[in-house]
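Now for the letters of each chain:
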Amino acid sequence: MDCWTSSFELRKHVFDSLKELNITPSSQRGQNFLIDSNIINYQIKQADIQSNDIILEIGGGIGNLSNCLVNRGKKVYIIEQDKRLVKFLTNFLQSYSNVEIIQGDAVKVDLPEFNKCISNLPYQISSPITFKLLEHSFDLAILMYQREFADRFFAKPGTKDYSRISVMINLKADCRNLKTVKPSSFYPQPKIFSSLVSITKKEEMIVEDNDSFTSFVRFLFTNKKKTVRTILINKIKRMEKQGSTIERKTLDSLQFMGRRVFTMSLEELAEFHNQIKERIGEELWSDIISPNMK
Ligand code: SAM
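Residues numbered from 1 in each chain as written. Predicted model: local features only at pLDDT ≥ 70, side-chain atom pairs only at ≥ 80, totals over all residues. Heavy atoms only, no water.

A separate point is the nonpolar core. Of all hydrophobic cores here, the largest spans 62 residues; its most connected members are Ile 199, Phe 213 and Phe 272. Residues from two domains meet in this core; each of domain 1 (7-201) and domain 2 (210-289) gives at least three. Ignoring sequence-local partners within four residues, the contact set of Phe 213 consists of Val 167, Leu 171, Val 207, Leu 266, Leu 269, Ala 270 and His 273. The next biggest cluster of nonpolar side chains, apart from the first, holds 36 residues, and it includes Leu 18, Ile 23, Phe 33 and Ile 44. (Core = buried A, V, L, I, M, F, W, Y, C linked by side-chain atoms within 4.5 Å. Buried < 20%, exposed > 50% of the residue type's maximum accessible area, 1.4 Å probe, protein only. Domains from an automatic or database assignment. Contact = heavy atoms within 4.5 Å.)

The following block contains the structure:
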């Protein structure tokens, strides 16, 4: 059954709520509310919510989406930063005993345990919140992003959009681009298009040491246009000045040294990570990829 019977009903909820709150939506906080019922109903369908699902919503706003989650899942956690909206949501959803509203910045608060995350994200936190979600265990996320940001999930090595998030999301999840969403589906209308994305967490990853690989990818992608050799040698030189001794010649024979970082696929990065860790040894390796060793 659809959650909102029409966009007319949804729009009425949005405009009446904003009037009651007497607020102007803040663009800095990404307060663009969905007013197209087809999109919300589609999101709910894609999430395939079961009665035992524990759901996380980031950015509850005035409850456009929350309203559709609370009577479907077992438990719904909603994180909202704006205190005025938290007060509104608490009142709006008061008849549901399975809701917990957390006031705070979703990037900073401890996330509760959940198995599905369904959210129209505030776009200014897209990057940190996606990395944070990827560190958690969950089954499925149905998330709305700015289109250009979501494009990075599907970018191929060697293209301009290929970045750290492309590698990390593909390491940990299978993604599908579900829909492009027009600016007119939101109030106030943003200037950009959005993409609705489905993210299914992988059960197994191709790397064993997640922490080391994660730091390694961060280390390399800070200078993604440079060659792996340049980045490594620069770091080693700095470490040598601080007293470390590293046999540079042993690195020269490694495969991939001449490659520019942004041309390397996930599989190649994983292979290189294994090779170099073995060649250099655990201790020095953790110093090389440590952000604290400048
Ligand atoms: N869920 C509503 C919808 O679907 O229309 C609102 C989504 S709106 C795009 C994003 C919401 O995230 C806003 O209500 C905003 O106040 C909230 N928000 C902004 N930054 C946040 C943050 N760092 N942590 C949690 N919520 C945040």
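Bringing the state of the cysteines into the picture now. This model, assessed by the stated rule, comprises 1 disulfide. Covalently, Cys 3 is tied to Cys 68 through a disulfide, its sulfur atoms 2.0 Å apart. Its S-S torsion of approximately -80° makes the covalent link between Cys 3 and Cys 68 left-handed. Separated by 65 residues along the polypeptide, Cys 3 in the segment before helix H1 (7-21) and Cys 68 in helix H3 (residues 66-69) bring together distant segments of the chain. Judged by relative accessible area, Cys 3 falls into the buried class, the value being 18%. The exposure class assigned to Cys 68 is buried, which follows from its relative accessible area of 0%. We note that Cys 117 lacks a disulfide partner, and the nearest cysteine sulfur, in Cys 175, lies 13 Å from it. Judged by its relative accessible area of 17%, Cys 175 is buried. (Disulfide = S-S within 2.5 Å. Helix = DSSP H or I, 4+ residues; strand = E, 2+ residues; numbered from the N terminus.)

Turning to the pattern of salt bridges, a few remarks are in order. For the structure on display, the rule yields 11 salt bridges. When the shortest N-O distance is used, the salt bridge between Lys 12 and Asp 16 registers 2.6 Å. Of this pair, Lys 12 and Asp 16 both sit in helix H1, separated by 4 residues, roughly a single helical turn. Overall, Asp 16 belongs to the partly exposed group, its relative accessible area being 38%. What you see here is one network of salt bridges that share partners, running through Arg 29, Asp 82 and Arg 84. (Salt bridge = Lys/Arg side-chain N within 4 Å of Asp/Glu carboxyl O.)

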